Amino acid sequence: MSRHEPVSRYPGEDKVLPETRAVSAIIIPFLLAAFVILFLRSDETERLFAWPIGPQMNAMMLGATYLAGVLYFTAALFARRWQQIKFGLIPVASFAALMGVATILHWPAFNHSHPTTWIWVVLYATTPFLVVGIWIRNTRSARLGPPQPDDHTLPPPVRLLVGIVGLVGVLASLLLFVTPTLMMEIWPWRLSPLTARVLAAQFVVFSLFALAAYLDPRWQSLRYVLRAELAAPLLFLVAMLASWDDFDTGNPLTWVIAFHVVVVFSIGVPAMYFYMEARGKRK
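Residues numbered from 1 in each chain as written. Predicted model: local features only at pLDDT ≥ 70, side-chain atom pairs only at ≥ 80, totals over all residues. Heavy atoms only, no water.

A. The arrangement of the packing of helix H3 (residues 56–78) against helix H8 (residues 193–215) in detail. At their nearest, the axes of H3 and H8 sit 11 Å apart, and the two run at 30 degrees to each other. It follows that H3 is roughly parallel to H8 by the angle criterion. In the packing of H3 onto H8, the handedness of the crossing is left-handed. Residue-level contacts link Asn58, Met61, Leu62, Thr65 and Ala68 of H3 to Thr195, Val198, Leu199, Gln202, Phe203 and Phe206 of H8. In terms of residue class, the contact of H3 with H8 is made up of seven nonpolar, four polar and no charged. (Axes fitted to C-alpha atoms, helices over the stretch in contact; angles between N-to-C directions. Helix = DSSP H or I, 4+ residues; strand = E, 2+ residues; numbered from the N terminus. Parallel < 35°, antiparallel > 145°, perpendicular 65-115°, else oblique. Left-handed = near helix turned anticlockwise from the far one by under 90°. Contact = heavy atoms within 4.5 Å. Nonpolar A, V, L, I, M, F, W, Y, C, P; charged D, E, K, R; others polar.)

B. Seen up close, the packing of helix H4 (residues 86–105) against helix H5 (residues 115–141). Two elements in contact, H4 and H5, have axes whose closest approach is 8 Å; the angle formed by their N-to-C orientations is 150 degrees. The angle between the axes of H4 and H5 places the two elements in the roughly antiparallel class. Judged by the twist between their axes, the crossing of H4 over H5 is left-handed. Listed contacts from H5 to Lys86, Leu89, Ile90, Val92, Ala93, Phe95, Ala96, Ala97, Met99, Gly100 and Thr103 of H4 are Trp120, Tyr124, Thr127, Pro128, Val131, Val132, Ile134 and Trp135. Looking at the contact of H4 with H5 residue by residue, the class counts come to 15 nonpolar, three polar and one charged.

C. Inspection of the nonpolar core at higher detail. Judged by nonpolar contacts, the single largest core of 87 residues is most densely connected at Trp51, Tyr66, Met99, Trp120 and Trp189. For this core, the element with the most residues is H3, which contributes 14 residues. Excluding anything up to four places from it in sequence, Trp189 contacts Pro55, Met57, Asn58, Met61, Leu199, Asp246, Phe247 and Ile257. (Core = buried A, V, L, I, M, F, W, Y, C linked by side-chain atoms within 4.5 Å. Buried < 20%, exposed > 50% of the residue type's maximum accessible area, 1.4 Å probe, protein only.)

D. How the structure looks around the environment of Leu160. Counting through the fold element by element, Leu160 comes out in helix H6 (residues 156–178). Note on Leu160: relative accessible area 47%, which makes it partly exposed. Considering only alpha carbons, one finds Leu160 and Phe35, 125 residues apart in sequence, at a separation of 32 Å.

E. Geometry of the pattern of salt bridges. Tallying each qualifying case throughout the model produces five salt bridges. Arg223 serves as the salt-bridge partner of Glu277, at 2.8 Å between the closest nitrogen and oxygen. With Glu277 in helix H11 (residues 252–282) and Arg223 in helix H9 (residues 219–229), the pair connects residues that are 54 residues apart, well separated along the chain. Residues joined by salt bridges that share partners form a network here, namely Arg41, Glu44 and Arg47. (Salt bridge = Lys/Arg side-chain N within 4 Å of Asp/Glu carboxyl O.)

F. How the structure looks around the side chain of Gln202. Looking at where Gln202 falls in the secondary structure, it is placed in helix H8. On the basis of relative accessibility, which here comes to 2%, the residue Gln202 falls in the buried class. Setting aside residues no more than four positions away along its own chain, Gln202 makes contact with Met61, Leu62, Thr65 and Phe95.

G. Examining the UniProt feature "transmembrane region" (unreviewed entry) in the chain more closely. As annotated in UniProt, the feature "transmembrane region" (unreviewed entry) corresponds to residues 21–40, 60–80, 87–105, 117–136, 157–178, 198–215, 224–244 and 256–276 in the numbering used here. In the segment residues 21–40, helix accounts for 100% and strand for 0%; the C-alpha atoms at its two ends are 28 Å apart. Annotation note: span residues 157–178, helix share 100%, strand share 0%, distance between end C-alpha atoms 32 Å. (UniProt positions renumbered as here; feature names shortened; annotations may be inferred.)

H. Examining the packing of aromatic side chains more closely. One pass over the structure, following the stated rule, counts 20 aromatic pairs. Residues Phe206 and Phe236 carry aromatic rings whose centres are separated by 5.9 Å and whose planes lie at 80 degrees to one another, so their mutual orientation is edge-to-face. Linking Phe206 in helix H8 with Phe236 in helix H10 (residues 231–242), this pair joins segments that are 30 residues apart in sequence. Residue Phe236 is classed as buried on the basis of its relative accessible area, which comes to 11%. Grouping aromatic residues by their ring pairs yields a cluster made of Phe49, Trp51, Tyr66, Phe95, Trp107, Phe110, Trp118, Trp120 and Tyr124. Here the guanidinium or amino end of Lys86 rests over the ring plane of Phe87, the centre of that ring lying 4.9 Å away. Directly above the ring of Tyr214 sits Arg159, whose terminal nitrogen or CZ lies 5.0 Å from the centroid. (Phe/Tyr/Trp six-rings, centres within 6.5 Å; stacked < 30°, edge-to-face > 60°. Lys NZ or Arg CZ within 6 Å of the ring centre and 35° of its normal.)

I. Seen up close, the side chain of Gln84. Of note, Gln84 is situated in the loop between H3 and H4. Here Gln84 falls in the buried class, since its relative accessible area comes to 0%. Within the local environment of Gln84, its side chain forms a polar contact with the backbone nitrogen of Arg80, the two atoms lying 3.3 Å apart. (Polar contact = N/O pair within 3.5 Å; in protein donor to acceptor, adjacent residues only side chain to side chain.)

J. Region of the structure containing helix H1 (residues 18–40). In this model H1 runs 33 Å from its N-terminal to its C-terminal C-alpha over 23 residues, within 8% of the 33 Å that 1.5 Å per residue would give. A maximum bend of about 25 degrees is found in H1 at Ile27, where proline Pro29 lies one to four positions downstream. All of the buried residues in H1 are Thr20, Val23, Ser24, Ile27, Ile28, Leu31, Ala34, Phe35, Ile37, Leu38 and Phe39. On its buried face, H1 sits against helix H2 (45–48), H3, H5 and H10. (Expected span 1.5 Å × (residues − 1). Bend = angle between axes of the 7 residues up to and from the residue.)

Right, here's the structure in full:
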């Protein structure tokens, strides 16, 4: 434990339960396998995955999101305190629930003879309930004290900006999920109704965490989840560069998304993380 990490006011009670660690350990291998297939072998999804994903940008973005999940659940596996990881589970459960609904709505698009399809079905039929269950149980068992003197918070302007980004992300997710056909017409790369809803689920993960950061800006509640998310923006940037031919450069939304990927996520998120870490060490 770093010297600037505050000690719980209730020693021994702000802890990660064994069942939370167990669920994390079970989920990690599936997320890692999905990352390898979708990000590193994105042109082979028809042969390797539960459903063919195209164009490449869609597969690589989903793979990047799964790697963020690997890093988060690894943190959950080894975290000492529930406060450090609690904000990640509800976004994960929301992602899994939306993926499950998308699977039901677009079942004919899946390769029913492929074993990964049935792994996919089992995961998204159970994960939302498992994750919500361990969140409820761990929350009930943990007694988190009020903010400690050295538990610094996000600066108010950063907190407000993070909240706005989260709110915009949630609204974009709703549009993608509820009106995929409409969004397909204006989106800067090709989507299908299924990939539009899968993209919505990905946006939900990061957007709900941003809203959680606005509601509770204590750094000790955010740093582990944000650390897990650091890889995703950089991988989104790699995906964008590798899939640039998929984009309609005449669509203004291409440049809006490029700005957010490069400036807000690839530069802004790491800068915020390292600034808050340095600020804590000065205390």
